[in-house]
Amino acid sequence: MTEKKFDPVIVGFFCNWCTSAAADLAGTSRLHYPASIRPIRVMCSSTVDPVYLVRALQEGADATILGGCHPGDCHYITGNYKARRRVAIVKTVLKSLGFDDTRVLLEWISGSEGPKFARVMNEYTDYIKKRGPSDFKYLDSLGGEKVD
Amino acid sequence: MGKVLVYGTTLASYRAAANFARAGHKVIMLNRGEFLWHKMTQMQQQQPRDIMNGYSKAILLQTANLTGNIEFYHNSELIDVEGGPGNFKVKFKHRPQTVNEFKCIGCDLCHEKCDVKYIPMPLGPGMRIIKNAEECVDVCPAKAIQIPQEKEEEVKVEAVVLSPEYIPESIEKFGAGLKNVKTFHDFAWMFRGKGMHKEFLKTDDGEYPNSVGFFSPAGFEGYIGSYEDQTIVFREALALKEMDPELDVHIFLKEIRLYGHNQMRLYDEAVEKGINIHMIDSISITQDGKGVKVNDVHVDLLAIMPGQAIPEDWVKLAKNIGVDLEHGFAKTKPFTFETNRDGVFVIGEYYKPTGSTEAIYQGTAIVPQVEKYLGEGKPIAMEIPRFEQDDFNPKVGVFICECAAQGFNIDVDADYVIKKDYLCLHPEEIVKEIKEKGINRVVFGACSPALRGAMLEMTAAKAGIAPSYVELVQLREYASRVGANARKVNAMLNAAIAKARKDVYVDIPLTETVKTVAIIGGDVSALIAADYLLEKVSLVYLITPEFDKVFDAPGVKPEVLQMSNDELEKWYTSLKDRVMKRAKWIKEEVEAIDGSLGNFTIKYNGGEINAGVIIIATGADIEEKGTHINSRMDGDTLHSSVSSIYAKRKGVEATYDLMKSYSLLDLAPPNAKKGEGEPIALVKPREINRKIAEMLGMKLDKEGFFYFAEEPRYGIERASNQFMLFEEPFGGIFVAGLAHRPMSIEEEMEEAGFAAQSSLYLMRDIISPAGKFISVTNPRKCAGCGICVDACFSGARYIDEEDHIAKVRPAQCVGCGACANVCPSGAAIIRAYSPTGVFEMLKEVVK
Amino acid sequence: MTENEMLKKFIKDAFEKGLIEAVMAPSATQDSYTYALITKKEDVDKLTPIAPVMQWNGADMIRRITKLKKSERKLLAILRPCESRTYKELVKFNQINPENIIVLTYDCPGTVHARNYKYEPTSSEKLIEEMKSGKISNKIRESCSVCEYPTPIKGVGDIGLGIVNTTEPVFFSLSDKGKEFLAGMGINEGERDDSSWVKLHRDNREKWLKEERITGGRKGLEEFLSSCLNCHNCKDMCPICFCKECFFEDHSVFDYESNKFYNWADDKDGIRLPTDKSLFHVGRLIHMGTSCIGCGLCQQACPMDIPLYRLFGIVGNDLQKVFNYKPGVNDDIPPVMDFREDELHEFEGLFGGEE
């Protein structure tokens, strides 16, 4: 494979009431963050089936973010607690099999935390850049690093 | 349809305006700031990070948009109120906003050409004040820029609701001016917009503190405030401790004022987490090195949560309108919000020290009281339009708003790509294009749905496109404004197009409801709720073997606190007579309850009835033994608020342990000193609560009080998000009065009013609040395991015993999608967000 | 009297005393054993209550009987310890209605792989003999030799039969229902010490958890699954996979136009078909891992002899540790049905919520 600059793709599932609002605020405040972030607006962090996270990684995302309201602030009362359990399951499965579990990130970002949103996106992209491309997207393919 | 003037912007008035509009009345809202939020509410003053404001404002604006019933005037001042109820002439002056916040589309063109002060805000375009508006009116494509010329207006209204804003008392007397002493607001502000992280916690010297102290002056001379002061302090202290378990956290208190439902849990948790709580009798705050010494405890940083001050303008306002004050608070007729001047009402902090829960109760309970002057409201009729349905031949049209796309090269795989300068300004052109080209899936590449999402969806609907065939891509806030590239823009659009191709038609279900209300129990609140409801609902049942007597804790407002027992009895008897004339009294205990929101079946010895909504007001037994202002029984709720009123009214020499008085009682507290003794008034919830809770699947606390609308994290009483625009998530069950917690009759009035008014909104056939996100079950796949039932917070899902399959109650589904997430077999799905569509979307979005 | 004979007598007595009206227990076939349901005392001799093979999970069979409506007759089910835990887990998932059912379970010597049994039959008596001598047979399945709970547990099932460390097998109750039942049978409850038998397995298990773990992420998983046929047999045999139709068999979700495949192949420098082979296993882990009982039937079911229990058992073990949950051994709510307000902070943020 030729060496070229690694430009990661990070799929973000952001809940409608908090993290998406924070992303809005980051936008209206013109706080720049890397174009690697591909936001998807969902109603609640608990809308996101863990299989969606895994699927995004398999489809070619180098990482995924699940953004929800802070504990206790969920618009649907307990959605974020349920989401946290699902993320724990996904991360544990990945880690257990020797995959890089930091490719799934769970963050609580409230609607007024636009700057925090931008900060997390920046920091996470930097982190993933250092980490390099994700292994998971080449699962069941002939590409990526050679499998002996 | 009546017209009501609401003055002031507080949590209570936000809610009141929204509720009047929903009940079908016109509202004129006078805001003294340049925009809503400019004049800060109590919540903003106390805890600027709290989400209550955001929700309340969002609800207000949403209602204004939906009903068209609210007129806002900004920078306004009330001049004069003439006339009487049903016929007020109100004169006020106002100055228009330089940028009309309803019209502003957030394109930011004015930023380039005008002198703009910009305040970013969540859920909208942000706020702008333009200094040279006269010169740049034409800059705005949406014609939102207005010339700020002061005008005088005269309007006719049937009633006036006053809710001027609160201000905090000065902390000067406690040592403001010392280094590292801050108001709580300034302390909390350190983390605003950034989250609670160690790096933002700094002393005045810019160092990370080793110890942080909080001080709430409740119980000290001159203090007046609500329980919110201390719940906020405790919550913040716990959050600090969670952020950094090593941090030394102190709380200094003279009295513990956590008298709301379950609030003592905060105290217990604080003790458990190692927070030092110092019970102090006096306070001295002195500089001690870089930090301060509070009595003999050193802290590096001290935050003081001030009580409430009486602003001068409150006094002026009262004088101007002819409202009597006592100690700065408006006087009202017993157990109402109505002042001595008929037709003029007060709610919020002007009425009495008010926490956010109470504010929301008041903002709802005010409606039935004012309505006697307003006549019949005309709630807007909601209907579900029918659309063309074709799931198999998608023809995708992408509409790109240039304001959002800002010159990115759009290269996407759609049937049509149509670009417009401003989509939101030309809805008719969108409709035309859709019809001409035969488009049946629409992807809008525009701005945040919080801004024009609903409007664009409605535009598509006008062209016959069902909401579930519409996708919105937030090109502006998610891409062009934050440094995106063409790759990202096209990936986002292609993802939406791929999903649009798989979109299916979603039928939004309508649930027929029984238009009656059943009130279970004989509490005072049962009668008050019935009193309000009987005007509006054809049939109200009261199910109770007997009615409770009026008890000796009428309230903290002087008008009721000083009522004689005879007067109290008279008030109660006339209330009861009024209700008994028209309500149907079933003199039995409830035996079984089946059904759900819209259609409950309630069985009792000898019969059964149907009701759309249930109000639980089972009351409590009050035991009077000694003279002690008792704190807590076996649970997490202080009984002291009721007890301190008892002590005050009986005029006994009392003892107390945690708190002596509260709210307005602080002006002249009961005669009590620290000590122990037999309780003066112990509120004992009734045994029947257990039975009812079991029948309805509700939760009781340790003592047997009902949980209702509690904050989920701590389960304490606080206006949580459950106070949304929709009442449906309550499941058609409301709790009021002593069944909920120990409270005065005055507070019972607020809760009963909330329950009654909220019930009224449900006295119609219910369109599922989930809209296109309605959850459904695929019976072929459902194994009936019930995981979705546990996941559903609003009780919309249940397992049908007959065929062992999960079913949905559409009236209660809010579309969060938790069921679809947890379902292992993909049987529970949100059809507008099905795996098929999402998988297609993921494929494109990673490109 | 062998344990099997003893159990058969027990069943006959129970019929006679009217304590039961039906029995579900294994019965021999030409090459194996299946579960059989009998309703008459005369049919008891057709049963082999303790079989040397576990072809299906018995709890899965009870699920079929009682999923829609509770058992109409008083049913005695003879289950292995792993099956009784499955039974308890499936009750939590609303798949079994436990009303009217008595579960009897026993000190388990393990079972032989069904295919091995076919070509090299053995008897449960032989296996029990080895168990009594305190040795884990080398003939039994991998999952049996690393079983965490090879003996009855209090609260799981109703009646236990103790075989190890005792001269005569002893009955004891595991629940109030069982206590009542034994009293009705006129049987005195006995005791025996099963700790050494359990420890033997636990030691094995510790070693196994360390040594057989699949590591290396993509490389490890692809190698492990390299011979997988994508037949989904592992899922079909899994008693916890109770879905009527698996998410991964929904063709509307996994069917794409040809171009999507070519694009994939472009992007990933070639793809292996079918594309959802590994995702199926990862997905299944996410769905059932927290409740994996450890019966090992996935491994027995694999036509390619992939030691699948190493995948599901070890990852499942990790998952269960996270939630401090042991499926089927107590009344805790399964992690997928529950949540707590203050938990799992190590999964928040990039570095466990700390920055």
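Because the structure is predicted, anything quoted here is derived from the model rather than measured.

J.: How should I be thinking about the overall build of chain A in this particular structure?
T.: Across its full length, chain A carries 4 helices and 4 strands. Listing the helices and strands of chain A from first to last along the sequence gives β-α-β-α-β-α-β-α. Relative to a compact globule of 148 residues, whose C-alpha radius of gyration would be 15 Å, chain A shows 15 Å and is just as compact. With respect to the principal axes defined by its C-alpha atoms, chain A has extents near 50 × 30 × 20 Å. Every one of the 148 residues in chain A was classed for burial, and the buried ones make up 77%. The contacts in chain A between residues at least 6 apart in sequence include a share of 80% that link residues at least 24 apart.

J.: Honestly, the overall build of chain B in this entry has me stumped. Any pointers?
T.: The helix and strand inventory of chain B stands at 23 helices and 45 strands. In summary, chain B has a C-alpha radius of gyration of 28 Å against a globular reference of 29 Å for 847 residues, a match within 12%. Based on the C-alpha atoms only, the size of chain B along its principal axes is roughly 85 × 75 × 60 Å. In chain B, which comprises 847 residues, the proportion classed as buried is 58%. When contacts within chain B are restricted to residue pairs at least 6 apart in sequence, long-range pairs at least 24 apart make up 71% of them.

J.: How do you make sense of the sheet that holds strand β12 (residues 211-216) of chain B when you look at a structure like this?
T.: Sheet strands pair by backbone hydrogen bonding; their relative direction is either parallel or antiparallel. All names here are of chain B. Read from one edge of the open sheet, 5 strands run β11-β18-β12-β13-β14, paired in parallel fashion. On the outer flanks of this sheet lie β11 (181-183) and β14 (276-279), each paired with one strand and no other. Shown here is a sheet whose adjacent strand axes are inclined to one another by a mean of 20 degrees, direction ignored. Bridging between β12 and strand β13 (residues 248-253) involves 6 bridges; their strand directions are parallel. Bridging from a neighbouring strand, valine 212 pairs with valine 249 of β13. On the sheet, helix α6 (residues 228-243) packs against β12 and β13 and is oriented at approximately 170 degrees with respect to β12.

J.: Would you take a moment to explain the interface of chain A and chain B for this structure?
T.: Interface size is often expressed as the accessible area that is lost when the parts come together. The partner chain B presents 51 residues to the 48 residues of chain A that form the contact. Looking at the side of chain A that touches chain B, the elements with two or more residues in it are α1 (19-28), β2 (37-42), α2 (50-59), α3 (79-96) and α4 (114-131) of chain A. Ranked by residue count, the leading element in the side of chain A that touches chain B is α1(A), at 8 residues. Classifying every residue of the side of chain A that touches chain B gives 22 nonpolar, 15 polar and 11 charged.

J.: Sorry if this is basic, but what is going on with the interface of chain B and chain C here?
T.: Taken together, the contacts link 21 residues of chain B with 21 residues of chain C. Among the elements of the structure, α21 (787-791) and α23 (835-845) of chain B are those that each provide at least two residues to the side of chain B that touches chain C. Counting residues per element, the side of chain B that touches chain C draws most heavily on α23(B), at 4 residues. Taken together, the residues that form the side of chain B that touches chain C break down as 9 nonpolar, 7 polar and 5 charged.

J.: Please explain the packing of α3(A) against helix α13 (residues 277-288) of chain C as it appears in this structure.
T.: To characterise two packed helices, one gives the angle between the axes of the helices and the distance between these axes. Following both chains from N to C, one finds α3(A) and α13(C) inclined at 130 degrees, their axes separated by 9 Å at the closest point. In terms of their interaxial angle, α3(A) and α13(C) are classed as oblique. Two packed elements cross with a definite hand, and for α3(A) against α13(C) that hand is right-handed. On α13(C), the residues that touch A:Ile89, A:Val90 and A:Val93 of α3(A) are C:Val282, C:Leu285 and C:Ile286. Taken together, the residues of the contact of α3(A) with α13(C) break down into 6 nonpolar, no polar and no charged.

J.: Even after reading the chapter, I still don't get the packing of α1(A) against α4(A), so can you show me in this structure?
T.: Residue and element names in this part refer to chain A. Between α1 and α4, whose axes approach to 7 Å, the crossing angle comes to 90 degrees. With respect to their mutual orientation, α1 and α4 come out roughly perpendicular. When α1 is examined against α4, the residues Thr19, Ala22, Ala23, Leu25 and Ala26 are found in contact with a partner set consisting of Gly114, Lys116, Phe117 and Ala118. Grouping the constituent residues of the contact of α1 with α4 by class yields 6 nonpolar, 2 polar and 1 charged.

J.: So what exactly am I meant to see when it comes to the sheet that holds strand β4 (residues 77-84) of chain B here?
T.: Residue and element names in this part refer to chain B. In space, the 3 strands of this open sheet follow the order β4-β5-β8, with antiparallel pairing throughout. Single-partner strands in this sheet number two, and they are β4 and β8 (151-157). Across the sheet, the mean angle separating the axes of adjacent strands is 15 degrees when strand polarity is ignored. Looking at chain direction, strand β5 (residues 87-94) and β8 are connected through 7 bridges and run antiparallel. Looking at β8, one finds that lysine 89 is bridged to lysine 156.

J.: Is there a simple way to explain the nonpolar core in this structure?
T.: In a soluble, globular protein the nonpolar side chains are often hidden away together inside. Residue and element names in this part refer to chain B. Core analysis: the largest hydrophobic core is formed by 431 residues, its most contacted members being Val160, Val161, Ile519 and Ala529. When residues of this core are assigned to their parent elements, the largest contribution, 9 residues, is made by helix α14 (residues 486-502). Excluding residues within four positions of it along the chain, valine 160 makes contact with Leu5, Tyr7, Val81, Phe88, Val90, Gly343, Val344 and Phe345.

J.: How do you make sense of the environment of A:Ser134 when you look at a structure like this?
T.: Residues and elements named next belong to chain A. The residue serine 134 is located in the segment after α4 in this model. Separated by 72 residues in sequence, serine 134 and aspartate 62 have C-alpha atoms that sit 4.8 Å apart. Residues within four places of serine 134 in sequence aside, it is in contact with Leu57, Asp62, Ala63, Asp100 and Arg103.

J.: Whenever I open this one, unusual backbone geometry confuses me. Can you help?
T.: Residues other than glycine predominantly adopt negative phi, and peptide bonds predominantly adopt the trans conformation. Residue and element names in this part refer to chain C. Following leucine 273, the chain continues into proline 274 via a peptide bond in cis, with omega recorded as -10 degrees. If you trace the backbone, proline 274 turns up in the loop between α12 (258-267) and α13. The phi angle at asparagine 230 is positive, at roughly 60 degrees, despite the residue not being glycine. In this structure asparagine 230 comes out as partly exposed when scored by C-beta crowding, with 14 C-beta atoms within 10 Å. Of note, aspartate 269 is a non-glycine position whose phi angle comes to about 55 degrees, a positive value. Considering the arrangement of structural elements, one finds aspartate 269 in the loop between α12 and α13. We classify aspartate 269 as exposed; it has 12 C-beta atoms within 10 Å.

J.: Got a minute to help me understand the pairing of strand β34 (residues 613-616) of chain B in this structure?
T.: Within a regular beta strand, the side chains point alternately toward one face of the sheet and then the other, so they alternate between its two faces. Residues and elements named next belong to chain B. Burial along β34 is two-sided: the residues Val613 and Ile615 and Ile614 and Ile616 are all buried. With 4 bridges connecting them, strand β28 (residues 516-520) and β34 associate as parallel partners. Note on β34: the bridge partner recorded for isoleucine 520 is isoleucine 616.

J.: I keep staring at helix α9 (residues 217-224) of chain C and nothing clicks. Help me out?
T.: All names here are of chain C. Three or more residues of α9 are buried, namely Arg218, Leu221 and Phe224. End-on view of α9: buried residues confined to an arc of 140 degrees, all on one side of the axis. Buried positions along α9 lie against α13 and α15 (308-322).

J.: Would you take a moment to explain the environment of C:Ser145 for this structure?
T.: Residue and element names in this part refer to chain C. Inspection of the secondary structure assignment puts serine 145 in helix α6 (residues 142-145). Residue serine 145 is classed as partly exposed on the basis of its C-beta count, with 19 C-beta atoms lying within 10 Å. As for serine 145 and lysine 244, which are separated by 99 residues in sequence, their C-alpha atoms are 31 Å apart. Excluding anything up to four places from it in sequence, serine 145 contacts Gly110, Ile136, Ile140 and Asn204.

J.: Explain the domain arrangement of chain B here, please?
T.: Domain annotation of chain B identifies domain 1 (3-95 + 150-166 + 311-373), domain 2 (168-309), domain 3 (396-502), domain 4 (516-620 + 685-761), domain 5 (625-680) and domain 6 (768-845). Taking only C-alpha atoms into account, the centre of domain 5 of chain B sits 50 Å from that of domain 6 of chain B.

Basis of the calculations
Residues numbered from 1 in each chain as written. Chains lettered and ligands numbered in written order. Predicted model: local features only at pLDDT ≥ 70, side-chain atom pairs only at ≥ 80, totals over all residues. Helix = DSSP H or I, 4+ residues; strand = E, 2+ residues; numbered from the N terminus. Rg over C-alpha atoms; globule rule 2.2 N^0.38 Å. Buried ≥ 20, exposed ≤ 12 C-beta atoms within 10 Å, placed from the backbone. Contact = placed C-beta atoms within 7 Å. Pairing = 2+ DSSP bridges. Axes fitted to C-alpha atoms, helices over the stretch in contact; angles between N-to-C directions. Nonpolar A, V, L, I, M, F, W, Y, C, P; charged D, E, K, R; others polar. Parallel < 35°, antiparallel > 145°, perpendicular 65-115°, else oblique. Left-handed = near helix turned anticlockwise from the far one by under 90°. Core = buried A, V, L, I, M, F, W, Y, C linked by C-beta atoms within 7 Å. Arc of directions from axis to C-beta. Domains from an automatic or database assignment.

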